[in-house]
Structure formats: C-alpha cells, structure tokens
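Close look at the chain arrangement
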Number of protein chains: 4
Amino acid sequence: MKKTSVTLAACAALLTFALSTTSMAQNQGSKQTPESTEIYEPVPPVVTPGTVSANTSGTTPPSDATVLFDGKNTDQWVAITGYDPASWEKTNAGPLKWPVTDGVLYSTKGFSARSKKEFNDFQLHIEFKTPEKVEGKGQGRGNSGIFLQGRYELQVLDNYENPTYVDGMVGSIYKQAIPLANPSRKPGEWQSYDIVYQAPRFNKAGLMTDYAYVTVLLNGVLVQNHAAIRGTTEYIGYPKVQAHGAGPILIQDHGNPVGFRNIWIRDL
Amino acid sequence: MKKTSVTLAACAALLTFALSTTSMAQNQGSKQTPESTEIYEPVPPVVTPGTVSANTSGTTPPSDATVLFDGKNTDQWVAITGYDPASWEKTNAGPLKWPVTDGVLYSTKGFSARSKKEFNDFQLHIEFKTPEKVEGKGQGRGNSGIFLQGRYELQVLDNYENPTYVDGMVGSIYKQAIPLANPSRKPGEWQSYDIVYQAPRFNKAGLMTDYAYVTVLLNGVLVQNHAAIRGTTEYIGYPKVQAHGAGPILIQDHGNPVGFRNIWIRDL
Amino acid sequence: MKKTSVTLAACAALLTFALSTTSMAQNQGSKQTPESTEIYEPVPPVVTPGTVSANTSGTTPPSDATVLFDGKNTDQWVAITGYDPASWEKTNAGPLKWPVTDGVLYSTKGFSARSKKEFNDFQLHIEFKTPEKVEGKGQGRGNSGIFLQGRYELQVLDNYENPTYVDGMVGSIYKQAIPLANPSRKPGEWQSYDIVYQAPRFNKAGLMTDYAYVTVLLNGVLVQNHAAIRGTTEYIGYPKVQAHGAGPILIQDHGNPVGFRNIWIRDL
Amino acid sequence: MKKTSVTLAACAALLTFALSTTSMAQNQGSKQTPESTEIYEPVPPVVTPGTVSANTSGTTPPSDATVLFDGKNTDQWVAITGYDPASWEKTNAGPLKWPVTDGVLYSTKGFSARSKKEFNDFQLHIEFKTPEKVEGKGQGRGNSGIFLQGRYELQVLDNYENPTYVDGMVGSIYKQAIPLANPSRKPGEWQSYDIVYQAPRFNKAGLMTDYAYVTVLLNGVLVQNHAAIRGTTEYIGYPKVQAHGAGPILIQDHGNPVGFRNIWIRDL
C-alpha cells in the first residue's frame, strides 16, 4: 500500500472540519432520537413487594366500578392499530381480537386496545403479568403500557433484574416521571396497579392551566405520588400540550404477549 | 294543680325574652363546642368494597418496610395517657399493655399507643376491625384513630349503616377533609388503610409554607386524594399551626376495643 | 285589642318547648361562636413594603383585562344586601349606589357590591385604602373583604399596628389561611392586591375533588402561596362544601368606608 | 513554521477515530439535539401589559429583603465562566466585572453572575431590559436567563414581535413550562419579574419526592402559576434529577447585553 504523505497541518485542518461539521449538524439538526429523553439516574431502589393485594384470584371490584375486563370477553374494548398514541385517536379497527385464555387477556402484536367508555378523574385497578419465559432485555422485555385518557402512558415492563432508563421503567410515567421504587415481581407472576388519576385543565387558548396528576401503587408499593403529567407521552422529543376532554383507557401492544385481568375503573 | 291565668301577650314577651337571651349568649359566647366544626353534607356515597386486599390473613410487608406490628408483640410501641393529642407529646406511660390475642392488637380504654420510631414522608399500611357486637351509635361506635406524625388524625370508626358528621367519618381527616366515599365493611370484618403521607413544611417564623398532604385507600377504595392538612386535629375549634419535625404514628384508644393487625410503614 | 287568656302551665310548656328546640338546634350544630375559629399564632412578621407597585396613580390594566372599576362609575356592579355571604346569592338590590369620589369607590354600610360578570380561574388586581382617621380596633378597623367567586373571602382590614386573630388578618383567606407576612401600609395609604385564583373542582356527588387555590401579593409582598381553600367563608363554624360554577367578585361593606380603585380581572 | 509530514493513512485513522468517538458519544445519550425539546404550540396570547409596577425608577424593596443589586456595585455576586449550568457549580472566576452604568448592570459575554448567598424558598424581584437596538432573531435576541437555585432557568428574552419555540419564550421555565401569556414590552423598555419559588424535595435515594414550584408575574401579568419544575434546565435532552440543598441565583450571559436593576429577594 502506497503511502501518501500529507502535512500535519492539513490533517489537522481536515480533522477540524470534520468535527465542526458534526457540530454544525448538531446545531442544525432536528433529528430527534429516542435516546434524547432517556434518563439513567438516580436509580429507584429495588423493593420486594409483600403478598398484600397480589397473586390473588377471585377478587371482586367495588360496587360502583365499571368493569372493563372480568375474565370473560372483550366487549368493553375496540381494537386500534399499532402502538403509536399519535394515530390512536383516528383508528378503530373494530372488535378487539386479543385472545382470552383461562380468564386472562393477552396483548397481541399489531393491535392495541381502547376502552369504549371515556373517563375524566378516576381510580383504575389493573393486574398484569409479563411472559414467564424471558426474552429480550431492557425495553424489549414484557413491554406494554396503560395510556390514561388515551394520552399519558403508565409504563408496563418486565423490570425484574432488567435495568433500563429510569424514566422508562415499570411504574414510570413514560419519559416524564421516574418511579420512587422498583417493586417488580418475577416474570410470569401477577402484578397489580392501583392508579388515582386527576385530569388536566386547559384554558380557552389551549394552554394547560393545571397538570394531570397521578398517584400509583405497584404491587402495593408507592411508585408515583401526585406526579404532574405535563403533556402527551412521546417516544421522541418533549411532551405536547393538547387540550382534551374525557378520554379512554388504552392498553398498548408492544409485541410482547402481556397478560391482563381484573380491570376496573371508578369515576371520581 | 292550680292554674294561673296570664295574658297571651305576657307569655309572648317572656318567650321573646327567653329566646333573645339565648341569642345574646350566642353572640357573646366563646364557648367553643365540638359541634361548631361538624359538617353534615355533602354525604359521601356508600360503596361496597371489593375483596381485593382485604380479609386476607398471612400477607407480608414489602422488604423495605418497618414492621410496627406483626401479630406478636408491642415492642415497637409505648403507651400514652388518654386520647388527647395535646397531651400526647408529654406523656409516656411506659410499655404498651394492649392485649395481643390471636395475632390481633386491641385498643384499651385509658391508653393510646405511640410508635417508638418517628417518620417524615411515608407509606403506611394498617388493618383494623371494629367490634362485631354493635354498641353505641355515631361517634360512639368503633371509634379509634391513626394520628399521622402524632398530630393529624385519620379517623377510624364503624360507619357501616351508622351516619355521623361527614368530616368525622371513617376515611376523613378528622374535621378537615370529607372522604370521597364510604366503603365501610361490616362490624367485625377486617378493613385496610393504605396511606401515603407527605409532611408539611414550615419556615423560620413557624408558619406553614406547604401543607401536609395525604392520599388514602380504604379497603382499596380512594377516600382522600392529596388532601391538604392545614393544622393539628382539634376536637373543638380550628386546626392549629405548630412547626415540627419527624413524628410518630399514634393509635387512639377511644373506649372501643378496635382490633389492629399487619401494621407496616415505609419511609419515602 | 282583645286579650286572650292562657294558663301559665301552657305558657311554661311553650317556653320549655321553645328553649329545648333552641337547645336541640344547638346540639345539631350550634353554640357555634365566632371565636371557635379564631387562631392567634404563629404571628406573621411585619414587613414594610417597598414602593413597588403602590401609591401610584395613573396605572393602566393589561390589554386583555376586564376593567371592573376605572374611577368613573359602578356600571360593572350591582348592590346586594348586608355582608353575609349566605344571603348574597339571593339578593339583588339594584344598581350599586356606593359613592365615587375623586375616582375612588367607597363601601357604604348596608350594601355590598357584586360584579355583574362571573369568573372561573382569574388574575385580579385591586387597590384599597382604609380610613385615614383610625376608629375602632381589631376587626372593627378598616374592615372589608373581597369574595372570590362570591364565596371565599380574602380579608381587607387595617392591620397597621392593629393586631387581631391571625386567620382574620389582612392577607388571610378568612378563617382558613394565615398570611405569610403583614406588609400593611398606614391607614389612608393606597395598598394593592394581586391575586391569582384557580377555581375548585367538584364531582357528581357534590364533593370537592380539588381545592380552590390562591396566591396573593399584598403591596408586592407574598402573603399566600397556592393556599388551598377548602370551602365557603364562614363567620361561625367550618367551611362548607357547596358545588358551584363561575362566580362573581364581591366587595364587602362591613360598616367602614374603605376606598377602592383600579380594579381589573383577567380570565386565565 | 516547520512542517511535519504524516501519512495519509495515519491522518485518516485519526479522523475516523475522532468521528467515531463523536458517534459513540451520541449513542450513549445523544444525537441529542436542541430541537428535540422545542415545542411550538399552543402559542400564548400576546398581552400588552399595563403600567402597573413597570418602568418605575426609584422603587424600593420590602424591609426584610436581601438586596442583590441596588444600582451601585456587584458586591453580592461572583463571576462564573460561560453559560452552561453544568459547569457553573465548579467555576468561580472571581469578582463579577459586569459594568454598572447609570445604575444598570449589564451582562457581558463570557461570564455569568452567581449570587454569593444561597436560598431555599424565596420571593425574587428583578427588572431587566433587552437591547433597544434589535439584533438577531428568535433565541438570538436579548437572551439571558435567571437560574433559580442555580439549576432551573426562568428565560429572559426579547420576545416582542419575535416568535420562538413556546417552551423557550420569555416567561417560560426553559424547555419545561410554557408561559400563559406573552406580555413582553418593547426592546429597551424596563420589564419586571416577580417570582415565587418553592424548592424541590428529595429523599435519601436522591429521588425527587416533590417538585420545585414557581409562580411568575411578568410585567404584572401571570405567566406561570405553580408550575412544577421536574429537573435541571438542559439545552439538549431531558431535565435531570439531582438532589441539592440551598442554591444561588444565577444570571446568564448569553452574548446579548441585557440590563438589570432593582434585584431583591426575600426568604419565605
């Protein structure tokens, strides 16, 4: 291989140009990437949850609850295409065809679930289990999500000995609020969410005059305490402020067959 | 009996005087009475709670919890005299001698219980049952209370088909916050409180610059959502603002033998 | 006039009945006295306000404000009888006949003022001066009040070297929130209130699911910071929870001729 | 100058290494671009502020305020290098050498200002004017910033008929909270900020258990109402959660000579 000799100064100039070009690209760029909004610390402490309110079959909802799934059918839901919140408002792919097996509803690739009824302030109870057979890692393992009023995602993920960015952990408001603890159960075990949600407030100009607030117990352990939700869940970029009224509960399909049961909701 | 005849006018005058005297007494008086701070409406709706997280024995606390009572002994507690918060700070009547029977701790007339440890922000779980044999009514039936940081009472009461003033119901922050629902179980059945508490903030002048906030599930049903506690629990008159640091959990004895079990607390 | 003769026994029975009825009423919520809800400490520190935003004539409102009084007339107001919030909803005594002298509106005994327009969330600016000639003391000196949404009173009082119960001071939410400071100007000097108000939220059962919140600057000094208003202003007894929508601004006449100017409000 | 000869291959290798290093950095949390976190709607309405509390010279602070600048000198400040919050903690470039001209303090390129004293909860008043001669546009025009506790930026910008992303407008908490209005005065006119700030709360794990909250009046018009600040101001990417105690006030130099006067702060 023939060597071509250049001056160090020329090389330095080239180097400088190359780096400055990169820098310029950053300044000009609008290449929003998912990683821009991942946070890696502080890491919430691992807590082994107690047996309270978990792994219990045969439980019943409060008398004033709307039952969204009681183990029998998907009558309270319609299917929507994909797992992109931006498109969910516009799609309705008809009846939800997620399988119900032994009283458990499983998310299936390609369709997410939207409740037929819409809600404002509410208390929501939902139980889930991620696949017992562990596949993938990080966000690729037991991923689903519960979208409050169709816009704000409470993350569902198998985070048992499976680290990821802390604003994307189970118990997080996805890319907005880090959970206070990681009380994940093992893959395949039933876990429970108890969620208290207050809808945001908007003025005539479409500006948010008060946040949505959410308090969440995961397996009986507090993970969010009156967390302020400032806008829509976005995979890339910042939460958006979009005025809205009542909204549905959405359950995301993220390509992992997550099981759900005992889903009920109370208007507050 | 001899009848004395008087004119109707004289009788009316006497009546007017009597009533006006009463009225004057009201205007002059400084007789603070308990009734001054009772509220009777709006009445929270009755909700039959589900079986979730209730009436379950053998449950265990999360791994990071401080266990205050595990069914065995009262080592985590001392006795204090009476049920008056004003005096509790000053008294320590030694070991708590409430009986532990079949894993249940019973409040006994004349002494209340104070935890040895003190807390700031916390999550508290506690289960209770009011006497199966119903005696008394209103505030006289199954009355106890859980004092957060030794000052702010979350009411314990048998409110099953037993109305009382709504700011004194089970699930109320006593005389400060009406519960959102009445999910009482029947007398003698186990009930559960899941409590999320954030301590108040005080400035150098002793003024409260942020409230204590509390969120409470009673039998899995939301009864307080980020309720603002503005001062001490007072039987008569308004809440007082008194700057303080960490404080204990107190369980009131109100003369009714209320049973407790499975008490644990997590620092937040 | 014909006299009707009755027996003394009958009169006594009537008297007894009348008194016992009164007594029963008292047990159900009375012997309520104003003093029951007065708090005397901690005492907010005295602060001498700066000249910022005070004693300045010729100021103008923001362009999007509704001007409620610009120094000329009372067209934006109606009169209401008395100073009792409980009766204000029901009365409309016609045009407000408070005198406007040299661009100043003076409260006059026997009528309070209600804005014709109603508001939800808002920013309110109002300037006031208490009588230069000091008469009375405590609550009897320069007393007026601004009722937010017609229900929640921000106290107006001459508190310059004039102590009173701290939950009734100028800058207090009357009997609900103690001010953080006492930046009173001298009697006869213009003072300013800058008020940010968020309306409460109620559910279908009539229960308050979120407080009204208020932040207040008095003479440019913070006296309330996101204070939670839990119910109606009551002279005797506890705040009441009453669901409502938009409401007016009321200015109380309390028998002292307090002057007002430069009143404007912005919908938020 | 002596030329040193290197091989092209060596130069290429160096170039490749340089670029790949940049690329690796991007994969570890980058391709993060500033634009990722810019929001462009909803646009806050333009409001022409009133003359209240503005363009007034000779005003004085409240008696309990710490005066940070009274028109005379920079004794309350030190210089810090650059305008990058990440580096500010570590730098102290000695006395602040910003010029004081006719009682006005001007930001100068290359150094920002840090108050010597540190604060927790506070009320801050500050007046500013952007250059009368308009140069640049968007974020390049009259840009400065006030960093609360040294971490959370309240944006200063000439937004008079100068649109930019709404979460970077004057009155915004930079890239976290859109202002409710745009009450900008013209370039060269004095504007005022009245800021009420409550510090965040952290637990032992370093997690934020309550937000910082801020309420802001710009030229007497509300632009932030109890806005929740969830983490540090970041030019690129998401706010970070970093536990801290008391912190200084920082005034950013962003290359535009912005004038400041009448800066005072009160501990709450």
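A quick note: this is a predicted structure, and the numbers were derived from the prediction, not measured. Per chain, the residues get numbers from 1 upward, laid out in the order the sequence is written. Chains carry letters and ligands carry numbers; both start at the beginning, A for chains and 1 for ligands, and go up in the order they are written. Totals for whole chains, interfaces and linings use every residue, but because this is a predicted model, local features are given only for residues with pLDDT of at least 70 and side-chain atom pairs only at 80 or more, for both listing and counting. As a rule here, side-chain values come from all non-hydrogen atoms in the structure, and water together with hydrogens is ignored.

**A closer look at the overall build of chain A**
Worth spelling out the cut-off: Strands here are runs of E lasting at least two residues and helices are runs of H or I lasting at least four, both read from the DSSP assignment and numbered beginning at the N terminus. The contact definition used throughout considers only heavy atoms, calling two residues in contact when any of these lie within 4.5 Å.
Scanning chain A from terminus to terminus reveals two helices and 16 strands. Of the contacts formed within chain A by residues at least 6 apart in sequence, a portion of 69% connects residues at least 24 apart.

**Brief notes about the environment of Val-47 of chain D**
Residues and elements named next belong to chain D. Rules: Each residue's exposure class comes from its accessible area (1.4 Å probe, protein chains only) as a fraction of the maximum for that residue type: buried when under 20%, exposed when over 50%, partly exposed otherwise.
By secondary structure assignment, the location of Val-47 is in the loop between helix 1 (8-27) and strand 2 (66-69). The buried category is assigned to Val-47, whose relative accessible area is 2%. As a C-alpha pair, Val-47 and Gln-139 span 92 residues in sequence and 20 Å in three-dimensional space.

**Some thoughts on the environment of Ala-181 of chain D**
For Ala-181 of chain D, the position within the fold is in the loop between strand 9 (152-156) and strand 10 (191-198). In this structure, the C-alpha to C-alpha distance between Ala-181 of chain D and Ile-146 of chain D, residues 35 residues apart in sequence, is 19 Å. With near-sequence residues (within four places) excluded, Ala-181 of chain D lies in contact with Arg-266 of chain C together with Pro-44, Pro-45, Val-47, Val-221, Leu-222 and Val-223 of chain D.

**Here we look at the domain arrangement of chain A**
Interface size, as often reported, equals the accessible area lost upon joining of the parts. Residue and element names in this part refer to chain A. Formally: Boundaries between domains were set according to an automatic or database domain assignment. A quick way to say it: buried area is the sum, across both parts, of accessible area lost when two parts are put together, with a 1.4 Å probe. Within 3.5 Å is the distance limit for a polar contact, defined as a pair of N or O atoms, with the added protein rule that one can donate a hydrogen and the other accept it, and that residues adjacent in sequence qualify only through two side-chain atoms. Residue polarity follows a fixed list, in which Ala, Val, Leu, Ile, Met, Phe, Trp, Tyr, Cys and Pro are nonpolar, Asp, Glu, Lys and Arg are charged, and the others, Gly among them, are polar.
Here chain A is described as being made up of domain 1 (2-37) and domain 2 (58-267). Listed per partner, the contact involves four residues of domain 1 and five residues of domain 2. When domain 1 packs against domain 2, the two sides together hide about 470 Å² of surface, and 58% of this comes from carbon and sulfur. Counting across the domain 1 and domain 2 interface gives zero residue pairs in polar contact (both at pLDDT 80 or more). A class-by-class count of the residues in the side of domain 1 that touches domain 2 yields one nonpolar, three polar and no charged.

**Remarks on the sheet that holds strand 15 (residues 250-253) of chain A**
Residues and elements named next belong to chain A. In plain terms, the rule: A pair of strands counts as paired when DSSP detects no fewer than two bridges linking them. Every axis in this analysis is a line fitted to C-alpha atoms, fitted for helices over the stretch in contact. Angles between the N-to-C directions lie between 0 and 180 degrees.
The antiparallel open sheet is built from five strands, whose spatial order is 3-6-15-8-9. Whereas interior strands pair on both sides, the edge strands pair on one side only; in this sheet they are strand 3 (77-81) and strand 9 (152-156). Taking each pair of neighbouring strands and ignoring which way they run, the sheet shows an average axis angle of 25 degrees. Of the pairings in the sheet, the one linking strand 8 (residues 144-148) to strand 15 comprises four bridges and is antiparallel in character. Within strand 15, the residue paired with Ser-144 across the bridge is Asp-253.

**Regarding the packing of aromatic side chains**
In plain terms, the rule: Think of it this way: a Phe, Tyr or Trp ring, Trp meaning its six-membered ring, pairs with another when their centres are within 6.5 Å, and the plane angle makes it stacked under 30 degrees, edge-to-face over 60, tilted otherwise. A ring has a charge above it when a Lys NZ or an Arg CZ is no more than 6 Å from the ring centre and no more than 35 degrees off the ring normal.
As enumerated under the stated definition, the model contains 26 aromatic pairs over all chains in all. These aromatic residues form a ring-pair network of at least three members: Tyr-40, Tyr-165 and Tyr-174 of chain A. The side chain of Arg-261 of chain B reaches across the aromatic face of Trp-190 of chain B, ending 4.2 Å from its centre.

**With respect to the relation of the copies chain C and chain A**
Defined as follows: Least-squares superposition aligns the copies on the C-alpha atoms of those residues with pLDDT at or above 70 in both.
Superposing chain C onto chain A takes a rotation of 180 degrees combined with a translation of 0.0 Å along the rotation axis, leaving an RMSD of 0.0 Å. Taken together, the rotation angle and the small translation identify this as a two-fold axis. Judged by C-alpha distance, Arg-201 of chain C is the residue of chain C that lies nearest the rotation axis, at 5.2 Å. Of the interface residues in chain C, 100% have counterparts in chain A that sit at the interface too, so the contact is made through matching surfaces.

**Topic: the pairing of strand 6 (residues 111-115) of chain D**
Residues and elements named next belong to chain D. A large share of strand 6 lies buried, amounting to four of its five residues. For strand 3 (residues 77-81) and strand 6, the ladder comprises five bridges, and the chain directions are antiparallel. Residue pairing across strands places Thr-81 opposite Phe-111, the latter belonging to strand 6. Both strand 6 and strand 15 (residues 250-253) contribute to a ladder of two bridges, which runs antiparallel. Note that in strand 15 the partner of Arg-114 across the bridge is Leu-250.

**A short note on the sheet that holds strand 15 (residues 250-253) of chain C**
All names here are of chain C. Read across the sheet, five strands follow the order 3-6-15-8-9 without closing on themselves; strand pairing throughout is antiparallel. Strand pairing shows two members of the sheet lacking a second neighbour, strand 3 (77-81) and strand 9 (152-156), which therefore form its edges. Sheet twist, expressed as the mean angle between neighbouring strand axes with direction ignored, is 25 degrees.

**Re the interface of chain C and chain A**
Put simply, the rule is: The term salt bridge refers to a pairing of a side-chain nitrogen on Lys or Arg with a carboxyl oxygen on Asp or Glu at a separation within 4 Å.
Between chain C and chain A, the contact holds eight residues from the first and eight residues from the second. A buried area of about 750 Å², summed over both sides, lies between chain C and chain A, and 29% of it is on carbon and sulfur atoms. Together, Gln-198, Arg-201 and Leu-268 of chain C form the three largest contributors to the area buried by chain C at its contact with chain A, with a combined 57%. Summed over the shared surface of chain C and chain A, the result is two salt bridges. With a shortest N-O distance of 3.4 Å, Asp-121 of chain A and Arg-201 of chain C are connected by a salt bridge. Counting every contact that joins chain C to chain A gives six residue pairs in polar contact (both at pLDDT 80 or more). Here the side of chain C that touches chain A is built from residues that sort into two nonpolar, three polar and three charged.

**Focus on the confidence of the model for chain A**
Residues and elements named next belong to chain A. Worth spelling out the cut-off: Summary of the metric used: pLDDT quantifies the predictor's per-residue confidence within the range 0 to 100.
Counting all residues, the mean pLDDT for chain A is 85, and 82% of those residues have values of 70 or more. For the stretch residues 1-29, pLDDT sits under 50, and the model shows 40 contacts to residues farther than four places along the chain or on other chains. Confidence metrics for the complex model read pTM 0.87 and ipTM 0.86.

**Examining the pattern of salt bridges**
Residues and elements named next belong to chain A. Considering all chains together, one arrives at 20 salt bridges over all chains under this definition. Its salt-bridge partner being Asp-158, residue Arg-141 comes within 2.8 Å of it at the nearest N-O pair. Here Asp-158 lies in the loop between strand 9 and strand 10 (191-198) and Arg-141 lies in the loop between strand 7 (122-129) and strand 8, a separation of 17 residues in the sequence. When sorted by exposure, Arg-141 lands in the same class as Asp-158, which is buried. With a closest N to O distance of 3.8 Å, Glu-234 and Lys-240 form a salt bridge. Take Lys-240: its relative accessible area is 36%, and that puts it in the partly exposed class.

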